[in-house]
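Architecture at a glance
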Amino acid sequence: MQRRVKEGGHNIPPEIIIHRYKMGLVYLKGKFHLFNEIYFIDNSADEAIMVANIKKGKLSEFTKKSPKWLNEVLFIARRMKSG
């Protein structure tokens, strides 16, 4: 967040960021069925990397150590695949 402000962006309080993050994950979990392809990008470091994707309902995971948020989101995708 501090980098965003240094680069000219406006300040957003941490509680708003956390709320938007959680709501975004809730929204995504409920909308998997609407997409032909979903790409999961981890941008928590300086370089963003694709960590997984779903194409035509098939899950492909690219990283051996998935970020916590990815495991939370993919729990739903795995249940959909097995059900």
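Up top you'll find the structure we're talking about.
Scope of this entry: the structure provided in the associated data block. (Residues numbered from 1 in each chain as written. Predicted model: local features only at pLDDT ≥ 70, side-chain atom pairs only at ≥ 80, totals over all residues. Heavy atoms only, no water.)

1. Here's the deal with the overall build of the protein
Here is the rule: Here a strand is any run of E in DSSP of at least two residues, a helix any run of H or I of at least four, and the numbering for each starts at the N terminus. A 1.4 Å probe rolled over the protein chains alone gives each residue an accessible area, and that area as a share of the maximum for its type sets the label: buried under 20%, exposed over 50%, partly exposed in between. Between two residues, a contact is recorded if the distance between any of their heavy atoms is within 4.5 Å. Note on areas: Shrake-Rupley, 1.4 Å probe, and residue coverage restricted to the protein chains presented here.
Within the protein, the regular secondary structure consists of three helices and three strands. The secondary structure elements of the protein, listed N-terminal to C-terminal, are α-α-β-β-β-α. The proportion of buried residues among the 83 residues of the protein is 22%. When contacts within the protein are restricted to residue pairs at least 6 apart in sequence, long-range pairs at least 24 apart make up 26% of them. For the protein, the accessible area works out to roughly 6800 Å², and carbon and sulfur atoms hold 55% of it.

2. Observations concerning a nonpolar patch on the surface
What counts is decided by this rule: Residues qualify for a patch when their relative accessible area is over 30% and they have no salt bridge, like charges being joined within 9 Å and the nonpolar side chains of Val, Leu, Ile, Met, Phe, Trp and Tyr within 5 Å. Salt bridge criterion: a side-chain nitrogen from Lys or Arg within 4 Å of a carboxyl oxygen from Asp or Glu.
A cluster of nonpolar side chains, namely Tyr39, Ile41, Met50 and Phe62, defines an oily patch on the protein surface of about 390 Å² accessible area. Structurally, the position occupied by Tyr39 is in strand β1 (residues 37-42). Take Tyr39: its relative accessible area is 42%, and that puts it in the partly exposed class.

3. Quick notes on the environment of Ser44
Mapped onto the elements of the fold, Ser44 is located in the loop between β1 and β2 (49-55). C-alpha separation for the pair Ser44 and Pro67, spaced 23 residues apart in sequence, amounts to 9.5 Å.

4. A look at the environment of Leu59
Along the chain, Leu59 falls in strand β3 (residues 58-61). In this structure Leu59 comes out as buried when scored by relative accessible area, which is 16%. The spatial distance from the C-alpha of Leu59 to the C-alpha of Ile38 is 9.3 Å, given a sequence separation of 21 residues.

5. What to know about the sheet that holds β2
What counts is decided by this rule: When DSSP locates at least two bridges between a pair of strands, those strands are taken to pair. Fitting a line to C-alpha atoms yields each axis, with helices limited to the stretch in contact; the angle taken between N-to-C directions then spans 0 to 180 degrees.
If you trace the three strands from one edge of the open sheet to the other, you get β1-β2-β3, paired in antiparallel fashion. Unpaired on one side and paired on the other, β1 and β3 mark the two borders of the sheet. Direction aside, neighbouring strands of the sheet carry axes that sit 15° apart on average. Here β1 runs beside β2; their pairing, made up of six bridges, is antiparallel. Following the sheet pairing, Asp42 is matched in β2 by Ile49.

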